[in-house]
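Okay, here's what each chain looks like letter by letter:
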Amino acid sequence: MSSDIFSPKEKIISNIDRVLELFETGITSPVLVEIDPSNACNHGCYFCISSYIHLPESKHLETYDRSVMSKDVLMSLCKDIVKMNVRAVNWTGGGEPTVNSNLKYAIEYLGKHNVKMGMFTNGTLLDRFDLFETLVNNMSWVRFSIDAGNEKTYNTIRRPSKNQTWSKMINNLEKLISVNNKIDIGLGFVITPDTYTGIIDFANKFKDYNVKYCQYKPEIVNRERENGVQRKKEFWQKIEPLLKEAKNILGSKFQINDYKLEDLEVNTENYGRTYKKCLGSQISPAIGADGEVYVCTNHRGYKQYSYGNLNQNSFGTIWNNIQVKNNIMHKIDNVEKFKNCTQLCKPHESNKAIWNLYKEYNNSVDKEMFKNNLYKQKLNIDNGIIHKEFI
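Residues numbered from 1 in each chain as written. Predicted model: local features only at pLDDT ≥ 70, side-chain atom pairs only at ≥ 80, totals over all residues. Heavy atoms only, no water.

> Mind showing me how you'd approach the overall build of the protein chain here?
Looking only at helices and strands, the protein chain features 15 helices and 10 strands. For the protein chain, whose C-alpha radius of gyration is 20 Å, the value lies close to the compact-globule estimate of 21 Å for 391 residues. Dimensions of the protein chain, computed from the C-alpha atoms along their principal axes, are close to 60 × 45 × 45 Å. Buried residues in the protein chain amount to 60% of all 391 residues. Within the protein chain, counting contacts between residues at least 6 apart in sequence, those at least 24 apart form 76% of the total. Here the protein chain displays about 16,400 Å² of accessible surface, and carbon together with sulfur accounts for 45% of that area. Side-chain charges in the protein chain split into 52 positive and 45 negative, and the spacing between the mean points of these groups amounts to 1 Å. (Helix = DSSP H or I, 4+ residues; strand = E, 2+ residues; numbered from the N terminus. Rg over C-alpha atoms; globule rule 2.2 N^0.38 Å. Buried < 20%, exposed > 50% of the residue type's maximum accessible area, 1.4 Å probe, protein only. Contact = heavy atoms within 4.5 Å. Areas by Shrake-Rupley, 256 points an atom, 1.4 Å probe, with all protein chains shown as cover. Lys, Arg positive; Asp, Glu negative; His and termini not counted. Charge placed at Lys NZ, Arg CZ, Asp CG, Glu CD.)

What follows is the structure, given as structure tokens:
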């Protein structure tokens, strides 16, 4: 079930220049920046990884915040991204990115300056701000979060706002497909105890749609919900026959984050977290709709894991403050030792890959030879993966 799209280890090698600069200087421009244009969302999925930020049930939490990033902050951030030679941006959430009425201007600006972009969206608001042509003309990919194979299940588990239900999602998906001539459109399905019975329905529903892939990925339980305890391996073992059937239905469109499944099934104590430093976050930070520059997407909402706020300083100024960053990372790596981190977090696979390189680099007698070998690997890998900037 391997993938040429979701290949985090290979993508690290493909961006090895930034990784080596991090090793040598302690800082590098991000390869990828995850940006939340909005913390508000027009859906209410219980299993959302950012549920603790925007769901009504989370109002009692310190992290509850339904901010929408202002146009001034958003466009200033985009200018800094270009100046810093950031390679890619994920428009994500937080909440639903297309809630922000200014997103269209930001996408067009970054597209004009050749920054690669992708977006996670539920797709039900694309028509409100007429985003179809904007996406096709500027993005590398767009992934619709669907998590169901029929209208009844979708409208139940996703709790959409009125008129932003299954039928609107299908209409907008079909319109985007009809105007598309170059970007990759993907469909996402998060596997949870509430959704897994729809694995086959999802495959059958979308097998004939003109999309690049249908991706299944395991639910990652955040620490605010069910104490961050992941589903038992028996649950994932029960899922595997369904995934095999889905693969038979979807053929080449089938995609799965099988590396996460491996960690969930094989290593049920630390889920593969053998690294001692969170180095992956140092090339892929997250910026919240509240303006905070967070260590990663899984720490969004917690101000103690923010390097600074865009309402006070530019992204470049915040990112280049090595002392502040080192203090926060020392707390995560050496004091907390990841105890406040979500298991199988967004930088998890990058962390595993970079940690191994970090050890090899520091133990290398001939560092120039070590670097040259990595660049040779990069040449072999670059032609075999898709969207290499999206680590």
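Further notes follow.
> Hey, could you run me through the environment of Leu-243 in this one?
Of note, Leu-243 is situated in helix H10 (residues 233-250). For Leu-243, a relative accessible area of 1% gives the class buried. When the C-alpha atoms of Leu-243 and Ile-199 are compared, they prove to be 7.2 Å apart, with 44 residues separating the residues in sequence.

> It is not clear to me how the packing of aromatic side chains should be interpreted in this structure. Could you clarify?
When we look at a pair of aromatic rings, we describe it by the centre distance and by the angle of the planes. This model, assessed by the stated rule, comprises 21 aromatic pairs. Summarising the aromatic geometry, the rings of Phe-189 and Phe-202 are spaced 5.1 Å apart at their centres and angled 55° between planes, so their arrangement reads as tilted. With Phe-189 in strand E5 (residues 184-191) and Phe-202 in helix H9 (residues 199-206), this pair connects stretches of sequence that are 13 residues apart. The pair formed by Phe-189 and Phe-202 is uniform in burial state, with each residue classed as buried. When the ring of Phe-202 is compared with that of Tyr-216, the centres are 5.4 Å apart and the planes differ by 75°; the resulting orientation is edge-to-face. Here Phe-202 is found in helix H9, whereas its partner Tyr-216 is found in strand E6 (residues 213-218), with 14 residues between them in sequence. Each member of the pair Phe-202 and Tyr-216 is classed as buried. By the ring-pair criterion, three or more aromatic residues cluster together here, those being Tyr-154, Trp-166, Phe-189, Phe-202, Phe-206, Tyr-209, Tyr-216 and Phe-254. In this arrangement the basic side chain of Lys-71 is found over the ring face of Tyr-105, its NZ or CZ atom lying 4.1 Å from the centre. Seen from the ring of Tyr-46, Arg-159 lies directly overhead, with NZ or CZ sitting 3.8 Å from the centre. (Phe/Tyr/Trp six-rings, centres within 6.5 Å; stacked < 30°, edge-to-face > 60°. Lys NZ or Arg CZ within 6 Å of the ring centre and 35° of its normal.)

> Just checking my understanding: could you explain helix H8 (residues 166-179) for this structure?
Its 14 residues give H8 an end-to-end C-alpha distance of 20 Å, which sits within 8% of 20 Å, the value for a rise of 1.5 Å per residue. Those residues of H8 hidden inside the fold are in contact with helix H6 (132-138), strand E4 (141-145), helix H7 (151-157), E5 and H9. (Expected span 1.5 Å × (residues − 1).)

> What should I look at first to understand the packing of helix H4 (residues 71-83) against helix H5 (residues 103-112) in this one?
When two helices pack together, their arrangement is given by the angle between their axes and by how far apart the axes lie. Packing of H4 against H5 brings their axes to within 10 Å, and their N-to-C directions diverge by 15°. The orientation of H4 relative to H5 falls into the category roughly parallel. The two elements H4 and H5 cross, and the hand of that crossing is right-handed. The residues of H5 that touch H4, namely those facing Lys-71, Leu-74, Met-75, Cys-78, Lys-79, Ile-81 and Val-82, are Leu-103, Tyr-105, Ala-106, Tyr-109 and Leu-110. (Axes fitted to C-alpha atoms, helices over the stretch in contact; angles between N-to-C directions. Parallel < 35°, antiparallel > 145°, perpendicular 65-115°, else oblique. Left-handed = near helix turned anticlockwise from the far one by under 90°.)

> How should unusual backbone geometry be read in this particular structure?
Residues apart from glycine generally show negative phi values, whereas peptide bonds are mostly found in trans. The phi dihedral of Asn-227 falls on the positive side, at around 60°, and the residue is not glycine. As for its placement among the helices and strands, Asn-227 is situated in the loop between E6 and H10. When its relative accessible area of 70% is taken as the criterion, Asn-227 is described as exposed. Even without being a glycine, Leu-344 presents a positive backbone phi close to 50°.

> Can you help me understand the pairing of E5 in this one?
It is a general feature of regular strands that their side chains alternate between the two faces of the sheet. With 8 of its 8 residues buried, E5 lies for the most part within the structure. Residue alternation in E5 divides its side chains into two sets, Asp-184, Gly-186, Gly-188 and Val-190 and Ile-185, Leu-187, Phe-189 and Ile-191, and both sets are buried. Summarising the sheet, E4 and E5 pair through 5 bridges and their orientation is parallel. The residue of E5 that forms the bridge with Arg-143 is Gly-186. The sheet contact formed by E5 and E6 spans 6 bridges and is parallel. Looking at the pairing, Val-190 lines up with Lys-217 of E6. (Pairing = 2+ DSSP bridges.)

> I keep staring at the sheet that holds E4 and nothing clicks. Help me out?
Hydrogen bonds between backbone atoms are what pair the strands of a sheet, whose relative direction is either parallel or antiparallel. Spatially, 10 strands are ordered E7-E6-E5-E4-E3-E2-E1-E8-E9-E10 in an open sheet, and the strand pairing comes out mixed. Since the sheet does not close on itself, it has two edges, and those belong to strand E7 (254-256) and strand E10 (306-309), each with one partner. Against the sheet, H5 touches strand E2 (88-91) and strand E3 (116-121), its axis set at about 165° to E2.

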